[in-house]
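Given next are the chains, with one letter for each unit.
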Amino acid sequence: MCASCSKTANNKGNIVFELSNDSLKVVYKNPFLCPAFTKVKNIKNGDESYVQSKPKETSLVMSFKKDHMDTTTILNTYKFTHYYGFYEANKQAYDTLFNYALPFSRGKQYKIIQGYNGDFTHNTNFSRYTLDFNLKIGDTINASRDGVVIKIIEQHNKQGTTKKYRPYGNHIIIYHKDNTFAQYVHLKQYGSLVKVGDSVKTNQPIALSGFTGLTTIPHLHFGVFKATTNGFVSIPILLDSIPGKKYTKNKIAVND
């Protein structure tokens, strides 16, 4: 079983400083093919604000008179965190009735090794509505919904049962048109069958299952997420016309 990954869109890495006339500007360059936003937290008083960015957009986060502020003071005063999606997504509707396809090939069947609210690792807002299927190393993973591939991590070949192995979980993230995101985790090293920027269709092969990251056995960890101001939160879904909560431990999911 596992703990999954990629709750946020990377921290600080795409914040840059620009001088323009008498201004010092803090700018975020969104590298993703999906909306993203920057949370700005004042470390000293706890105040927070948000700046939205469109896909691949460069956005102005803050601006100061350069005679009154410097980069060191900015970094000592503010924390910048980037998240996928829209920062008001928790106020926006997503398609709760969308019927997701099982994330593996037709004619295959796999046992559920951990379902919703699993007491091993599916017990936080991030992972509460995720599912673990006992795919073996090299088994084919398919897209559960049309979307755009926004992130691929596939270079790792480490696995372990302590938290230090969490960063080594190879995974793919796909963005859907209703501002939800799907994660496919624990992929085989270099097991991606798609690339960032690809538009994928439901049931299209996207990766090979593996045994990477924080996990005790080979399997596919799958979940769908909405964006919030604290990062991804997993959401319940319909999967092959069955409510996800019915995919309980040891149930056999059959893709016929």
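Refer to the structure above for everything that follows.
Heads up: these notes are all about the structure in this document. (Residues numbered from 1 in each chain as written. Predicted model: local features only at pLDDT ≥ 70, side-chain atom pairs only at ≥ 80, totals over all residues. Heavy atoms only, no water.)

Remarks on unusual backbone geometry
Working step 1: Despite not being glycine, Asn203 has its phi angle at roughly 75 degrees, a positive value.
Working step 2: With respect to the helices and strands, Asn203 occurs in the loop between strand 16 (199-200) and strand 17 (205-209).
Working step 3: In the Ramachandran plot, Asn250 falls in the positive-phi region, its phi being about 80 degrees despite a non-glycine side chain.
Working step 4: Tracing the backbone through its elements, the reader meets Asn250 in the loop between strand 22 (242-243) and strand 23 (252-255).
Working step 5: For Asn250, a relative accessible area of 48% puts it in the partly exposed group. (Helix = DSSP H or I, 4+ residues; strand = E, 2+ residues; numbered from the N terminus. Buried < 20%, exposed > 50% of the residue type's maximum accessible area, 1.4 Å probe, protein only.)

Considerations on the sheet that holds strand 6 (residues 78-84)
Working step 1: An order of 4-3-6 is seen for the three strands of this open sheet, with the pairing classed as antiparallel. In this open sheet, the two edge strands, each paired with only one partner strand, are strand 4 (48-53) and strand 6. Averaged over all pairs of adjacent strands, the angle between strand axes in this sheet comes to 20 degrees, irrespective of strand direction.
Working step 2: Relative to strand 6, strand 3 (residues 36-42) runs antiparallel, the two being bridged by seven bridges. Within the sheet, the bridge partner assigned to Phe37 lies in strand 6 and is Tyr83. (Pairing = 2+ DSSP bridges. Axes fitted to C-alpha atoms, helices over the stretch in contact; angles between N-to-C directions.)

With respect to the pairing of strand 17
Working step 1: Of the strand pairs in this sheet, strand 10 (residues 140-142) and strand 17 are connected by three bridges, and their pairing is antiparallel. Its bridge partner lying in strand 17, Thr140 is registered against Leu208.
Working step 2: Two elements, strand 15 (residues 187-192) and strand 17, share two bridges in a ladder whose sense is antiparallel. Pairing of Ser192 across the sheet is with Ala207, part of strand 17.

Considering the sheet that holds strand 17
Working step 1: Pairing is antiparallel in the open sheet, where three strands are placed in the order 10-17-15. Of all strands in the sheet, those with a lone pairing partner are strand 10 and strand 15, marking the two edges. Across this sheet, the average inter-strand angle for adjacent strands is 35 degrees, counted without regard to direction.

Thoughts on the nonpolar core
Working step 1: Grouped together as the largest cluster of nonpolar side chains are 30 residues, with contacts concentrated most on Phe133, Tyr184, Ile206, Phe222 and Leu239.
Working step 2: At the level of secondary structure, the elements contributing two or more residues to this core comprise strand 8 (108-114), strand 9 (130-133), strand 11 (147-153), strand 13 (171-175), strand 14 (180-185), strand 17 and strand 19 (220-228).
Working step 3: With three residues, strand 19 is the single largest residue contributor to this core.
Working step 4: Setting aside its immediate chain neighbours within four residues, Phe133 contacts Leu102, Pro103, Phe104, Tyr110, Lys111, Ile112, His219, Leu220, Phe222, Leu239 and Ala253.
Working step 5: Counting residues in hydrophobic clusters, the runner-up holds 24 residues, among them Val51, Val61, Met69 and Ile74. (Core = buried A, V, L, I, M, F, W, Y, C linked by side-chain atoms within 4.5 Å. Contact = heavy atoms within 4.5 Å.)

Details of the packing of aromatic side chains
Working definition: an aromatic ring pair is given by the centre-to-centre distance plus the angle between the planes.
Working step 1: Counting across every chain of the model gives 19 aromatic pairs.
Working step 2: When the ring of Phe32 is compared with that of Tyr84, the centres are 5.0 Å apart and the planes differ by 65 degrees; the resulting orientation is edge-to-face. You can see Phe32 sitting in the loop between strand 2 (23-29) and strand 3 and its partner Tyr84 sitting in strand 6, a full 52 residues away along the chain.
Working step 3: On the basis of relative accessibility, which here comes to 10%, the residue Phe32 falls in the buried class.
Working step 4: Ring centres of Tyr50 and Tyr87 lie 5.3 Å apart, and the angle between their planes is 10 degrees; this geometry places the pair in the stacked category. Pair noted here: Tyr50 is in strand 4 and Tyr87 is in the loop between strand 6 and strand 7 (99-100), with a separation of 37 residues, a long-range link.
Working step 5: On the accessibility criterion, Tyr87 (26% relative accessible area) is partly exposed.
Working step 6: Taken together, the ring pairs connect Phe32, Tyr84, Phe126, Tyr175, Phe181, Phe225 and Phe232 into an aromatic cluster. (Phe/Tyr/Trp six-rings, centres within 6.5 Å; stacked < 30°, edge-to-face > 60°.)

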